[in-house]
Number of protein chains: 4
Amino acid sequence: MTAHGVGIRVDHTAHIPPYEQIRAQIAELIAVGRLVRGDRLPSVRQLAADLGLANNTVVRAYRELESAGLVRSRRGSGTEVVAPASAFDAGARLAEQADAYAAAVRRLGASNEEALAAVRHALAVSEGG
Amino acid sequence: MTAHGVGIRVDHTAHIPPYEQIRAQIAELIAVGRLVRGDRLPSVRQLAADLGLANNTVVRAYRELESAGLVRSRRGSGTEVVAPASAFDAGARLAEQADAYAAAVRRLGASNEEALAAVRHALAVSEGG
Amino acid sequence: MTAHGVGIRVDHTAHIPPYEQIRAQIAELIAVGRLVRGDRLPSVRQLAADLGLANNTVVRAYRELESAGLVRSRRGSGTEVVAPASAFDAGARLAEQADAYAAAVRRLGASNEEALAAVRHALAVSEGG
Amino acid sequence: MTAHGVGIRVDHTAHIPPYEQIRAQIAELIAVGRLVRGDRLPSVRQLAADLGLANNTVVRAYRELESAGLVRSRRGSGTEVVAPASAFDAGARLAEQADAYAAAVRRLGASNEEALAAVRHALAVSEGG
DNA sequence: GTGGTCTAGACCACG
DNA sequence: GTGGTCTAGACCACA
């Protein structure tokens, strides 16, 4: 499997730089096991073209993934995943997201019931996506 | 009530610019009703000092809030909230957060049950905070 | 005659500081002869109250008029006009305004005919004011 | 056509802040159709250097034009006009200037005849410029 | 004391 | 090269 087609997106309205959005999404794909050791990432040019970005932007994302030890770029053969998914704890990552949501709930002053209802609804909707 | 002490924070590791973090947090405090019409924001210099930022950074955050019609700054007499909390739809904001959480759940490949359990736990923990 | 009631205004949306707006308007009233040698300006407190400004703002306007030799403040007796209208050349001031208008016409790319028609209309309308 | 060389000026004696002078002049150039959709503004650094200002001052002018929907800035590729001239009503703008002139005429106590003669003269002189 | 603007220069993200 | 943000400190206008 390659990362091509796994749905990497960049949001130009966010204040987070595109290179970082790419990096984080690929890191997560690896964390979750959707990209495993040996999988090849899309080529820099390919991904840049798909996202409407300059090559350098993708190059930088890949470079940071490499220096984090998640992927390895070899000349002539592209970039491939070297870290096992087990390097991450998916449960911990889910807990992280849940914590962020709980914090938002508190800021907004919503009750636990409202918070859970909102999640149930969002999950139901996202099921189709 | 004044905004002094309501706990505005800036995260220097985030890729979001400080002025935008400040703007968003104050907007949310107003949205949620923790800051209401007539409340005064901390002075530019005060907040800048508290957050370890240059005055200009806070000035910019306040300016953007002003051009969004949320606050009003007057020379010599500070900056105060002019928008009622009702200018916002708290339900919509909660739904937004829930959607973001659901999206993360999907990326992480967790089940709905796991997702809800994680939220219940996070809410329980955050109750004390 | 006093300046009280001659219609001094400040525009808070303009980028020109209030003290300067006041100074310019009084200078013009003198230039045109609507305020003549011996006339008293409204008191600082009076004018400040009328305009919704701090006393200091009016004080500054008067100070600048004084250092321009147009008025004189004496303790106990307020501020009065000392310059004769003849210190100014009303014709030159009209020409200045006309030049400014002509420049705007050029910037806007309007024809001389359009420009004159617009002035005729504006003059007709202002006749009633 | 580019804005380079269209003659943006800042008047340091005016009480209007430079960023606002720049903003207003560019807005007017667009309004009048001298800058049209797709035209590129001079680069921030170029214009700042031409005008003897700090980069930030120009950045702010451009930012305000962008949030008004008149131009669009993109990292790496400059700032370009996105609003059509038709977004403005040139007639209204001429009328505005004429009104300002008429107001000055009234303040100066000049007659309509004098006022029109002054405009005719100013227009004749400005014809060459 | 308050907010507003500007400078000079730094570093970052992007093409 | 482009624009975007921040700093540190200055001066101004205003209450």
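Residues numbered from 1 in each chain as written. Chains lettered and ligands numbered in written order. Predicted model: local features only at pLDDT ≥ 70, side-chain atom pairs only at ≥ 80, totals over all residues. Heavy atoms only, no water.

Here we take up the environment of Asp-50 of chain A. Structurally, Asp-50 of chain A is set in helix H2 (residues 44–51). Each C-alpha atom of the pair Asp-50 of chain A and Tyr-101 of chain A lies 31 Å from the other, and the pair is 51 residues apart in sequence. (Helix = DSSP H or I, 4+ residues; strand = E, 2+ residues; numbered from the N terminus.)

Size of an interface, as often reported, equals the accessible area lost when the parts are brought together. Partitioning chain A into structural domains gives domain 1 (18–85) and domain 2 (89–128). Averaged C-alpha coordinates put domain 1 of chain A and domain 2 of chain A at centres separated by 29 Å. (Domains from an automatic or database assignment.)

Close to DNA strand F lie 30 residues, the nearest being Pro-18 and Thr-57 of chain B, Pro-18 and Arg-60 of chain C together with Asn-56 of chain D. Of everything in DNA strand F that lies within 4 Å of the protein, sugar and phosphate atoms constitute 72%. Within the side chain of Arg-60 of chain C, an N or O atom sits 2.4 Å from a phosphate oxygen of DNA strand F. Within the contact set of DNA strand F, a base nitrogen lies 3.0 Å away from a side-chain nitrogen or oxygen of Arg-45 of chain D. Ranked by residue count, the leading element in the surface near DNA strand F is helix H3 (residues 55–67) of chain B, at three residues. Here the residues of the surface near DNA strand F are counted per class, giving 12 nonpolar, 11 polar and seven charged. (Near = heavy atom within 4 Å. Polar contact = N/O pair within 3.5 Å; in protein donor to acceptor, adjacent residues only side chain to side chain. Nonpolar A, V, L, I, M, F, W, Y, C, P; charged D, E, K, R; others polar.)

Turning our attention to the interface of chain B and chain A. With 33 residues of chain B in contact, the opposing surface of chain A contributes 33 residues. With both sides pooled, the region where chain B packs onto chain A buries about 3200 Å², and carbon together with sulfur makes up 69% of that total. Considering only the side of chain B, the residues that lose the most area to chain A are His-15, Leu-94 and Leu-108 of chain B, jointly responsible for 22% of the buried surface there. Our count for the chain B to chain A interface comes out at two salt bridges. The closest approach of N and O atoms between Glu-28 of chain B and Arg-107 of chain A, which form a salt bridge, is 2.3 Å. Applying the counting rule to chain B against chain A returns 11 residue pairs in polar contact (both at pLDDT 80 or more). Only helix H1 (18–31), helix H4 (90–108) and helix H5 (112–128) of chain B provide two or more residues apiece to the side of chain B that touches chain A. (Contact = heavy atoms within 4.5 Å. Buried area = accessible area lost by both parts, 1.4 Å probe. Salt bridge = Lys/Arg side-chain N within 4 Å of Asp/Glu carboxyl O.)

A few words now on the pattern of salt bridges. This model, assessed by the stated rule, comprises 20 salt bridges over all chains. Glu-80 of chain B is paired through a salt bridge with Arg-74 of chain B; the nearest N and O atoms lie 3.9 Å apart. Taking relative accessible area as the criterion, Glu-80 of chain B reaches 26% and is therefore assigned partly exposed. The class of Arg-74 of chain B is partly exposed, set by a relative accessible area of 40%. Beyond isolated ion pairs, a larger network of salt bridges with shared partners links Glu-28 and Arg-93 of chain A together with Arg-107 of chain B. (Buried < 20%, exposed > 50% of the residue type's maximum accessible area, 1.4 Å probe, protein only.)

All right, on to the protein's contact with DNA strand E then. Close contacts around DNA strand E come from 31 residues, with Pro-18 and Arg-60 of chain A, Asn-56 of chain B together with Pro-18 and Thr-57 of chain D the closest. For DNA strand E, the backbone portion of the atoms within 4 Å of the protein, that is sugar and phosphate, comes to 70%. Here a base nitrogen of DNA strand E and a side-chain polar atom of Asn-56 of chain D are 3.1 Å apart. For the surface near DNA strand E, the secondary structure elements donating two or more residues are helix H1 (18–31) and helix H3 (55–67) of chain A, helix H2 (44–51), H3, strand E1 (71–74) and strand E2 (78–81) of chain B together with helix H1 (18–31) and helix H3 (55–67) of chain D. Of the residues that constitute the surface near DNA strand E, the class distribution is 12 nonpolar, 12 polar and seven charged.

Its rotation angle being 179°, the transformation that places chain B on chain A also includes 0.2 Å of axial translation and leaves an RMSD of 0.4 Å. Taken together, these values place the two copies in the relation of a two-fold axis. An overlap of 100% is found between the interface residues of chain B and their copies at the interface of chain A, pointing to a shared contact surface. (Least-squares fit on C-alpha atoms with pLDDT ≥ 70 in both.)

Once that is clear, we can look at the packing of helix H4 (residues 90–108) of chain A against H4 of chain B. Taken N-terminus to C-terminus, the directions of H4 of chain A and H4 of chain B make an angle of 180°; their axes are 10 Å apart at the nearest point. One element, H4 of chain A, and the other, H4 of chain B, form an angle in the roughly antiparallel class. Here H4 of chain A contributes Arg-93, Leu-94, Gln-97, Ala-98, Tyr-101, Ala-104, Val-105 and Leu-108 of chain A to the contact with H4 of chain B, which in turn contributes Arg-93, Leu-94, Gln-97, Ala-98, Tyr-101, Ala-104, Val-105 and Leu-108 of chain B. For the contact of H4 of chain A with H4 of chain B, a count of residues per class yields 12 nonpolar, two polar and two charged. (Axes fitted to C-alpha atoms, helices over the stretch in contact; angles between N-to-C directions. Parallel < 35°, antiparallel > 145°, perpendicular 65-115°, else oblique.)

This part takes up the packing of H1 of chain A against H3 of chain A. Residues and elements named next belong to chain A. Between H1 and H3, whose axes approach to 8 Å, the crossing angle comes to 45°. In terms of axis orientation, H1 runs oblique to H3. Of the two elements, H1 crosses H3, and the hand of that crossing is right-handed. Contact residues: Pro-18, Tyr-19, Ile-22, Arg-23, Ile-26 and Ala-27 in H1; Thr-57, Val-58, Arg-60, Ala-61, Tyr-62, Glu-64 and Leu-65 in H3. Its residues assigned to classes, the contact of H1 with H3 comprises nine nonpolar, one polar and three charged. (Left-handed = near helix turned anticlockwise from the far one by under 90°.)

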